[in-house]
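The lines below spell out each chain.
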Amino acid sequence: MDIYLFRDLSRLHKTGNFSQAADLSNLSQSAFSRRIRSLESWIGVTLVDRSRQPVRLTAAGLQMLEAGQQALDRIEQERSQILEAQSLPDKYVVTFGAQHSIGWRFYPAWLQGFEESFGPILSRLRADDLPNCMRDLKNGDVDFVIAYESRHVRYNGPAAELARGKVEDANALTIGYDSLIPVSKPQSDGTPLFSFSADGIEMPFLRFGEDAPIARHLESLFNSEGLGDRLRIVYENSMAGALRIRARDGMGVAWLPRSLVAPDMKAGILVQTGAPDWEVPLEIRLFRHKPHSNRVTRSIWSFLEKRHCLGATVDA
């Protein structure tokens, strides 16, 4: 049984509204409703009176909420004590969460540069979709999250707000830069197979799925340049690596992180296409959730904060 279901029940109790509680949990309303029903199924009784608005917990729901909160508090307390006891440089494994496209090439290079300056650390990477990474950060399942942001898009989910904290707490730092660039398989003469040179011709488009947060960074460019009318979707995937494979096969144009396709461009497997100003600059940001920090992660953050003030970041 997922103990975090009791957090969902608590949010529903506070808001009296499934939609608002789902937003706080960074879930769709349907997914949130399924979680509440799964808790009711596990306990075997109705916990929520859905016959009125706002909804109310039943007597059994209030009883289980109190018990669940007490259990969660105890578990979090014990977990904090265990982590603090284990948070020695030679024992603690620092866990990073990152979007898949960041974990592919940027993260290994950044970690190597970090360890050359800071010293070696025990670490692991959990590559996942951004909402899942931020949820894990909030729950204390990862120590840091590395994510893309841009001038037009800042991640403002509930977990990100907690991670940012107050401005003076500096709970998000820029650790590097990248960009989304349009790429295509080249022709035999090295020019793009899909060049956008002829007006009115639709280009086959390999796009990120609508639910992929990285796709939001392209919306402003597409709107300002009217690219929506020039692109015909032929393939969709939330994974940049999957789009890269299709682009290399000559299936269409894809906007991909420069750090990801740099080796392909150097080898002549992919070339940049479209107008030069169709490149979308990205910041690579490191998030933490301060309440879940320990001596190791605080030391890492302090080091990165000082380096950030000196302007030391990694470019793609």
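Structure shown above.
By convention here, each chain's residues receive numbers from 1 onward along its written sequence. Residues qualify for local features only when their pLDDT is at least 70, as the model is predicted, and side-chain atom pairs are given and counted only at 80 or more; totals for whole chains, interfaces and linings, by contrast, use all residues. Side-chain metrics rest on all non-hydrogen atoms present in the structure, leaving aside hydrogens and water.

Draft legend 1. Main features of the overall build of the protein. To qualify as a helix, a DSSP run of H or I must reach at least 4 residues; to qualify as a strand, a run of E must reach at least 2; elements of each kind are numbered from the N terminus. A count of helical and extended segments in the protein gives 11 helices and 12 strands. Using a 1.4 Å probe on the protein chains alone, a residue whose accessible area is under 20% of its type maximum counts as buried, one over 50% counts as exposed, and one in between counts as partly exposed. Looking at the 316 residues of the protein, the share that counts as buried comes to 45%. Only heavy atoms matter for contacts: two residues are in contact if any of them lie within 4.5 Å across the pair. If you take every contact in the protein between residues at least 6 apart in sequence, the share linking residues at least 24 apart comes to 76%. Areas reported here follow the Shrake-Rupley algorithm with a probe of radius 1.4 Å; residue values treat only the protein chains shown as occluding. Surface exposure of the protein reaches about 15,800 Å², of which carbon and sulfur atoms provide 50%.

Draft legend 2. Local environment of the environment of L130. Within the secondary structure, L130 is located in helix 6 (residues 130–139). For the pair L130 and A212, spaced 82 residues apart in the sequence, the C-alpha separation amounts to 8.2 Å.

Draft legend 3. Layout of the nonpolar core. Grouping buried Ala, Val, Leu, Ile, Met, Phe, Trp, Tyr and Cys residues that are joined through side-chain atoms within 4.5 Å yields what is termed a nonpolar core. Within the largest apolar cluster, 54 residues are counted, with the highest numbers of intra-cluster contacts made by F96, W110, I146 and W255. Here this core takes six residues from helix 5 (residues 100–118), the largest share from any one element. With 17 residues, the next largest nonpolar core counts F18, I36, L57 and L72 among its residues.

Draft legend 4. Focus on the pattern of salt bridges. Salt bridges are counted wherever a side-chain nitrogen of Lys or Arg sits within 4 Å of a carboxyl oxygen of Asp or Glu. Applying the stated criterion to the full structure yields 13 salt bridges. Put simply, R52 and D49 hold a salt bridge, and the shortest N to O gap is 3.3 Å. Among the ionic pairs, R207 bridges to E236, the shortest N-O distance being 2.7 Å. With a gap of 29 residues between them, R207 in strand 7 (residues 203–207) and E236 in strand 8 (residues 231–236) connect regions that are remote in the sequence. E236 sits in the partly exposed class, given a relative accessible area of 40%. Here the salt bridges do not stand alone but share partners, grouping D8, R11 and R35 into one network.

Draft legend 5. Up close: the pairing of strand 6 (residues 172–184). In terms of residue burial, strand 6 counts as a mostly covered element, since 12 of its 13 residues are buried. Note on pairing: DSSP must find at least two bridges between two strands before they are called paired. In this structure, strand 6 lies alongside strand 9 (residues 254–257), joined through four bridges in antiparallel fashion. Looking across to strand 9, one finds that I181 is bridged to L256. The pairing of strand 6 with strand 10 (residues 271–272) spans two bridges and is antiparallel. Bridging across to strand 10, S184 finds its partner in V271.

Draft legend 6. View of the pairing of strand 11 (residues 280–288). In terms of residue burial, strand 11 counts as a mostly covered element, since eight of its nine residues are buried. Sheet topology note: the strand 5 (residues 144–149)/strand 11 ladder contains six bridges and is antiparallel. Along strand 11, the bridge assignment pairs E149 with E283. Relative to strand 11, strand 6 runs antiparallel, the two sharing eight bridges. Of the residues in strand 11, the one forming a bridge with D178 is L282.

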